[in-house]
Amino acid sequence: MSKSLDIHRSPYASFSGPNLGYIMEMYELFRSSPESVDAELVEMFNKYGAPEMVVETSEQSSKVGITDPNELGKVLSAYKLLDAIRTYGHLAANIYPLNDVPKDSSRLELSYYGLSEDDLRKMPANLFFNVVPDNVENGLSAVHYLKSLYTGKIAFEFAHIIDEEERNWIQNQVETGQVSVNLSSDDKKILLERLTKIEGFEKYIHRTFVGAKRFSIEGLDTLVVFLDELIRRSEEEKTNKVLIGMAHRGRLNVLTHILNKPYEMMFAQFANISEEPFLPADGSVETTRGWFGDVKYHMGASYKGETGMNRFLAYNPSHLEVVNAVVTGQTRAAQEVTGKSGLPTQDMNAAYAVLIHGDAAFPGQGIVPETFNYSRVPGFKTGGSIHIIANNMIGFTTEQIDSRSTHYSSDPAKGFEVPVLHVNADCPESVIATAAFAFEYRKKFGKDIVIDLIGYRRYGHNEMDEPLVTNPIMYHDVHKHSTVRELYGNTLVAENILSESEVDEVDSRVYKEMQSAHDVVRAYSESKEKKAVSNTAPEEVLAGYPVLETGVEENALLTMNNELLAYPEEFSVFNRLIKILKRREEPFIGKGKIDWAHAETLAFGSILQDGNPIRLTGQDVQRGTFAHRHLVLHDEKTGNTHTPLHHISGSKASFSAHNSPLSEAAIVGYEFGYNLEDQEALTIWEAQYGDFSNMAQVMFDQFVSSSHAKWGQKSGLVLLLPHAYEGQGPEHSSARLERYLQLSAENNWTVANLSSSANYFHILRRQAKMLGKDSMRPLVIVTPKSLLRHPLVGADVGDLTEGSFQTVLEQPGTGNTPEKVERILFASGKMAIDLAEQVKDGEGFDHLHIVRVEQLYPFPTEKIENIVSRYPKAKDLIWVQEEPKNMGSWSFANPYMNEIAGKKKVSYIGRDHRSSPSEGDGGSHAIEQKRIINLALNRK
């Protein structure tokens, strides 16, 4: 069969001589008076534009001419029919195993276009193909040929793709028979055995561990076959790593047959004994588990085979689609080399992501389009993910009519111009063909692709459900439907490749293999005394962070600062900005303070010099929401960019700052994944405003705060959440600090509300020094807004050259006469600075001492106890905050403070209980803020 068809042939190529002359004459009439031209010609002119002269090849010149202008309409109708087959053939395709969805072939019928078979027979095949496929003799056989390709067990949607090269390539692949496989008899036998193991694993668990949840793959067994083909091709291409994200449906089967977890390990989990004794001795399979654990169908694993390629299945909660973002972030990290100054070097062929979706979740969960949206954005692209919709035509008990508004569950993907292939999951050879196509498409175009693997669900949502209660019509069909193993076995019998008894023998052999593995587990279980599983966090986690010296020598800071302010001669920095940045020279000559952004940049530079790469993302992070950062400068004349941190001496690692799409959940998940994969990288996500992080709450709950305890996955992700009450209303005041504190336990992360740029410098450096260590943990900082340039927040150079991060700061000028101190105020962040502005040098405030609690979790109990002990006459320990009483840090700090207080009184000053974080207007805010400050500072 020919492999080089010209698949986008213009209909004008069908005409020559007087016929072409007639068409050109009609086009001229169309330009002046379109209503005078036949409707079919109008449609052609609108679609294809002006007719062009075509130079005939020897092959083309032999075609039959059309001399009767009345026949031109027939030719145009034939073109429309063939285009319709390509565009709408999927609606008539045989892609539903249960055959329970009506097919629509109306636009594929000859009568729809006013054509007869005789009309088409008169048309030579080379009217429609430059290189005619084998066995295609005329227009009629051309129609049959295209129908065989576009309405079979694989259906194609690609007309929505704008890029013509892509469309042509896809069409050429389809119409030259590339999207197919030709398996040998031996290959078919191997495929049958694979299907038998996939099904046999599920059947053995169903019979042996009755009632146990496993979220069976049955009905979509060929998902494993699809992954097999991807793995095979990836190994041939010497890919370093394939990363898979999926929900619970079919996960245990994928763990067993793609990640190669031995049957013994899987059966041990069902028998409630440790799987560790059954890990392969060669170390090829690795799993992790946190001290608190998770259910078996949320767990992941990695496998490294003989070729050296790594396969990884991500750990995932029951939030079905959220892992997609995590896996794509891991993929980016696996593609990047970060050991040199400048931007990382990315090899998009080194790794790729396979994302397995549910058919109800794909159109239903918003994180899916978020993930597609960044798939070709420079800071986030990975060269394309291969998406598989594990489509069992139902969501829990909800059928399609209640699940979505679109025809296919895959339809949302078309808005992102990615091809969609639908494939019948009961046809394993077609499934292999789509996997091969997906792999080759990604390799060629570096884009996402969606495979809609259409099957069914053999049982209920879990194996204890009875689906006939809610979905009787579907499940009567399912119960009558043969499994894909049975169907393929029958095919091999019909092809005389195997006999029925040989097919049965394969089934018996697989069952015995399962039984033998289970016997090993039972024997082990009986020989060992069961031990209680400890749910206690490891000592290295509970011990917390050590005190680390994080100062940097003054000469090193000065040299770096000068380099950061040196720009290429030909680069024109915006005039007003260069004046602002020039002020960063002043602290080094004793004339000013190092503000927040300046301290951050110096911290970043020193971390790069220590050898840790840095990745910073979020909305507008290059400039900073509050125009404070300016890590990436723009030439005001050319628009070219310059990143000063790429040009400091002694840098040993890459630096990247990427403005992100307007998404929170997906980007936080992405950055969490990036840091999981590259644990030496200081990975930072900044919210535009802290309250925007609400949109990523599932990531904080399910991954950032708990992945170590559940799955043994460590992360050092940094979250920067702008937070402070400044009269901007409910949406731009609170980062919802209370939510992060509520999730705090077992040293799972650090939560800080800082009031010092020096402390910010030191906490960033401490975080970087702990990356890759067993005690590494995420860092949550609610960052300032108006305080970014506040002199009381700024640092002297000496504050950065020595010392370390301070969990508690004492306000200078207060508490100098301990016997006079009656009350000790505890505050964080902007509230602490508001108090400091009022007390100034402390004159007139001998009755109080102010303690700035910089780190809220782990709570600095010991340091606060030591401070309180110095003021024996203090009667009141007062927590002062600007947030409402039911928000902020008060509820979290109160138990700690009462434990510290002894007989002293612990009380609260701040806003009252509120359902909304803050007032809606600046005037009301100012009144309330003044009330809080006066109550805190005045004597009773």
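That block above? That's the structure.
Bear in mind that the values here come from a model prediction, so they are computed numbers and not experimental data.

Caption draft 1: Representation of the pattern of salt bridges within the structure. Within the structure shown, the criterion is met by 45 salt bridges. Among the ionic pairs, Arg233 bridges to Glu440, the shortest N-O distance being 3.1 Å. Of this pair, Arg233 sits in helix 8 (residues 222-236) while Glu440 sits in helix 15 (residues 428-445); the two residues are 207 residues apart in sequence, bridging distant segments of the chain. A salt bridge links Arg311 to Glu235; the nearest nitrogen and oxygen atoms lie 3.4 Å apart. One end of the pair, Arg311, is in strand 5 (residues 310-313); the other, Glu235, is in helix 8, with 76 residues separating them in the sequence. In this structure Arg311 comes out as buried when scored by relative accessible area, which is 11%. Taking relative accessible area as the criterion, Glu235 reaches 23% and is therefore assigned partly exposed. Connected through salt bridges with shared partners, the residues Glu229, Arg232, Arg233, Glu236, Glu237, Glu440 and Lys443 form a single ionic network.

Caption draft 2: Focus on the sheet that holds strand 9 (residues 386-391). In space, the nine strands of this open sheet follow the order 1-10-11-9-8-2-5-4-3, with mixed pairing throughout. Looking at strand neighbours, the two that pair on one side only are strand 1 (154-157) and strand 3 (285-286), the edges of this open sheet. The sheet contact formed by strand 4 (residues 301-304) and strand 5 spans four bridges and is antiparallel. Within the sheet, the bridge partner assigned to Lys304 lies in strand 5 and is Asn310. Across the sheet, helix 8 is in contact with strand 2 (241-246), strand 5, strand 8 (351-358), strand 9 and strand 11 (449-454); its angle to strand 8 comes to roughly 170°.

Caption draft 3: Representation of empty space enclosed by the protein in the model. Scanning the model with the defined rule gives eight cavities of 30 Å³ or more in all. As a volume, the largest cavity reaches approximately 150 Å³. Around the largest cavity sit 14 residues that line it, and Leu564, Arg584, Thr601, His630 and Pro644 are the ones nearest its centre. Among the secondary structure elements, those contributing two or more residues to the lining of the largest cavity are helix 20 (554-564) and helix 22 (596-610).

Conventions used here
Residues numbered from 1 in each chain as written. Predicted model: local features only at pLDDT ≥ 70, side-chain atom pairs only at ≥ 80, totals over all residues. Heavy atoms only, no water. Salt bridge = Lys/Arg side-chain N within 4 Å of Asp/Glu carboxyl O. Helix = DSSP H or I, 4+ residues; strand = E, 2+ residues; numbered from the N terminus. Buried < 20%, exposed > 50% of the residue type's maximum accessible area, 1.4 Å probe, protein only. Pairing = 2+ DSSP bridges. Contact = heavy atoms within 4.5 Å. Axes fitted to C-alpha atoms, helices over the stretch in contact; angles between N-to-C directions. 1 Å grid on protein atoms, 1.4 Å probe; cavity = no way out; pocket = protein on both sides within 12 Å on 5 of 7 lines; lining within 4 Å. Points joined across faces, edges and corners; volume = space filled by probe spheres on them.

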